[in-house]
Amino acid sequence: MNFIPQHDQMDCGPACLAMVSSHYGKDFGLQYLRDKSFITREGVSVLGITEAAEKIGFRTITAKLQPQEFDKDLLPCILHWNQNHFVVLYKISKNIFNGEPVYKIADPGHGFISLPEEKFQKAWVSGGGKGVALFLQPTEDFYLQEPPQEEKLSAKYLLSYLKPYKNQVFKLFMFLFLATLTVLVFPILTQKLIDDGVSQKNLSVIIYILLAQLAFFFGNIIFNIFSNWIVLVVGTKINIQIISDFLKKLLKLPIKFFETKLIGDFNQRIQDHERIETFLTSQSILTLFSIITFSVFFGVLWYYDYRILAMYVILTVISVGWSLYWMKKRKILDYFRFQQRSENQESIYEIINGVSEMKLNQFEDFKRKEWEQIQQKLFKINIRILKLDQVQLSGFEFINQLKNIIVTFLAASFVVQGSMTLGALLSVSYIIGQMNSPVNQLISFFRSLQDAKLSLARLNEVQNHAEEEHPEHVSLMSEKYTRQNGIEKGIYFKNVSFQYEGPQSPHVLKDINLFIPEGKITAIVGASGSGKTTLMKMLLKFYAPTQGEISFNHLNAQDISPMDLRKNCGVVMQDGFIFSDTIERNIATNDENIDYVKLEKALETANIKSFVEELPLKLNTKIGASGNGISGGQKQRVLIARAVYKNPHFIFFDEATSALDAENERIIHDNLQTFFKGKTVVIVAHRLSTVKNADQIIVLKQGQVVEQGSHHDLVQTRSDYYNLVKNQLELGN
């Protein structure tokens, strides 16, 4: 069974399924299995893994067992581990000393591990002495399936970043080539110094040779200075371009992608790009010239004595082979370090952003200890990497030193026998010292290549993910939308259902049929968890219906460009975001040339003008990320001003005035009535004052439409809507 590490903190379930699939001869990509198992930011459930397994052709059985009840013929199986993780149990053997069972585990977060029964029970058993296991049996369908080929980023993709810097790379080659030539002269000068200068007792020759050595050494320094300067400039530009392209691609992905990732996962991916840049600009070019240098010295050493060269080559091959063997083991540890660093960054981010709540609830010590535990895990992984690096490096250095001693002994014996001059001996010693450097560089190159490939695998997941926009998408305001064609214009929900985690998960919305008329105000009310916000997000194409269809007039929402749709929408979400920027930029957002007439109107409509004018820097006042430094009500008014500034065709408000006091809400509500004229408005709210003047009110209950009509009609019905608002109206029975 191939070991497949999890790329992100929530990938353990899909990674386990990928390992079991590989055991039966099919290699399914992690991203494909993620999509099939309906992974969320909280991870994946046993139900989600079962769904994915059945879709790729497995027959599944979930059972609660005791450790001794395992049937070896049903392995490998997936275990629910430590109540928050998944691992693969692939073998049960016996300890040769005491006959006790040993459980062989493939943990996508830690590698292959062997556990005695006591430790196995502690991690797996959850209650009643039993643990949860998912058994997978391949069917004929499994063997008939062809796993989708995931396009992998190649070296060609990486080298494309060097293309715009052809001139600089050419100059770098020239400087490195000249630096290499200066180094090649030294062994020849060393031999001449001993044989023609010292042995002949010719002081003038000695002076000339030493001056020549000084000149070449100075030239080597100059060439290296220019090389390092070019590497720094080109490397920095490439790093900026790589990360910029990554962010550009990232921002084109659907919302669903972001909802399965944690902040730490993204931070770690950005750091991955630094390793790719290092490989491109430093390691690859330097290694190329190291190989050229090695090749030239190889020829010179052959000229001196082929026996010395043969011994050198044999021992060099052994030392390189030793290093490559240990690098394979290092590859898995790199994945684990990535996950722990991601978890570490997530923990720090949470501590900094949640500091006020932590202080209010005396949560500081708990969170600090939680962070310390992550550090302990990271420390253990770093210890494992250090041990491996020490074994690799110590063995490599020992073989290298042995090689130097043996080669020096051979050369010395040839001098004693008279078949080699003393100058040639010193020249050979110098060449051996210089040839060790390219070998070390080659090992560094292989390590850098391994790092770059691991980083590329994680980058690959983002680069090959389907983008939100497709060429076949059409503009919202196309002819198909604007024509009347005998139907009432507006937004239609036809048998729309939605589930977050696959067909067996609870319905958030079920069989929704409703019409939102164009140019009118529609209010959506209901208890918390009734699906109001989800419905709003579906209108914005953040989510697609699991079943049914949403259409804007005659235009299916699936055919509309998400970017174009949102361009025509003014939105205030419940969790709207305030950027770390000026007030005017927070309102005008992407408008490079701000229209101050529109901005003034937006400030007045949102009733925030007086607040802004009291500030020393007025509109240029910078407010913190997520709205730090302003109150909840001021934050909501900035968000309303942002929506008004766009002057869009559609207005979607999700609890847009929930943080406002009654006076501010009344003023803004009155101001918005004028702004709403001629626009299609959808308002999600609890407060009666916000919804009572709507043209129609939709009442949602447990994901279904239970009532629909005007405020007056629904109050008269005395049903769900009446119950929602009677306390606010103080209605009697």
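Cut-off values and rules
Residues numbered from 1 in each chain as written. Predicted model: local features only at pLDDT ≥ 70, side-chain atom pairs only at ≥ 80, totals over all residues. Heavy atoms only, no water. Helix = DSSP H or I, 4+ residues; strand = E, 2+ residues; numbered from the N terminus. Expected span 1.5 Å × (residues − 1). Buried < 20%, exposed > 50% of the residue type's maximum accessible area, 1.4 Å probe, protein only. Pairing = 2+ DSSP bridges. Axes fitted to C-alpha atoms, helices over the stretch in contact; angles between N-to-C directions. Contact = heavy atoms within 4.5 Å. UniProt positions renumbered as here; feature names shortened; annotations may be inferred. 1 Å grid on protein atoms, 1.4 Å probe; cavity = no way out; pocket = protein on both sides within 12 Å on 5 of 7 lines; lining within 4 Å. Points joined across faces, edges and corners; volume = space filled by probe spheres on them. Nonpolar A, V, L, I, M, F, W, Y, C, P; charged D, E, K, R; others polar.

Enquirer: Help me understand helix α1 (residues 12-23) in this model?
Expert: Structurally, the α-helix is built with 3.6 residues per turn, so residues lying three or four positions apart point the same way. Taking 1.5 Å as the rise per residue, α1 with 12 residues should run 16 Å; its terminal C-alpha atoms sit 17 Å apart, in good agreement. The buried count for α1 comes to 11 of 12 residues, which makes it a mostly enclosed element. If you check which residues of α1 are buried, you get C12, G13, P14, A15, C16, L17, A18, M19, V20, S21 and S22. Backbone geometry just downstream of α1 places G25 in the positive-phi region, at approximately 95°.

Enquirer: So what exactly am I meant to see when it comes to the sheet that holds strand β5 (residues 111-116) here?
Expert: Sheets are built from strands that pair by backbone hydrogen bonding, the pairs being arranged parallel or antiparallel. Sheet architecture is open: 6 strands sit in the order β1-β6-β2-β3-β4-β5, paired in antiparallel fashion. At either margin of the open sheet sits one strand with a lone partner, and together these are β1 (58-65) and β5. Sheet twist, expressed as the average angle between the axes of neighbouring strands with direction ignored, equals 30°. Summarising the sheet, β1 and strand β6 (residues 131-138) pair through 8 bridges and their orientation is antiparallel. Paired with L65 across the strands is G131, a residue of β6. Sitting on the sheet, helix α4 (residues 117-124) is in contact with β1, β2 (77-81), β3 (85-94), β4 (101-107), β5 and β6, with an inclination near 110° to β5.

Enquirer: Help me understand the UniProt feature "transmembrane region" (unreviewed entry) in the chain, please; the structure alone is not making it clear to me.
Expert: Here, the residues flagged by UniProt with the feature "transmembrane region" (unreviewed entry) are residues 169-190, 202-223, 285-303, 309-327 and 405-432. Across residues 169-190, helical content stands at 100% and strand content at 0%; the span's end C-alpha atoms are separated by 32 Å. Secondary structure across residues 405-432 comprises 86% helix and 0% strand; the distance between its end C-alpha atoms is 10 Å.

Enquirer: Honestly, the side chain of D11 in this entry has me stumped. Any pointers?
Expert: Mapped onto the elements of the fold, D11 is located in the segment before α1. Residue classification places D11 among the buried residues on the basis of a relative accessible area of 1%. Those residues in contact with D11, other than ones at most four positions away along the chain, are Q6, L30, R34 and I39.

Enquirer: Would you mind showing me how to read empty space enclosed by the protein here?
Expert: A probe as big as a water molecule, rolled over the atoms, marks out the empty space that is left. For the structure on display, the rule yields 3 cavities of 30 Å³ or more. Taken as a whole, the largest cavity encloses approximately 140 Å³ of empty space. Lining the largest cavity are 16 residues; nearest its centre among them are F653, A656, T657, I683 and T690. Contributing elements (two or more residues each) for the lining of the largest cavity: α22 (662-676) and β16 (680-684). No other element matches α22, which puts 5 residues into the lining of the largest cavity. Residue composition of the lining of the largest cavity, grouped by class: 8 nonpolar, 5 polar and 3 charged.

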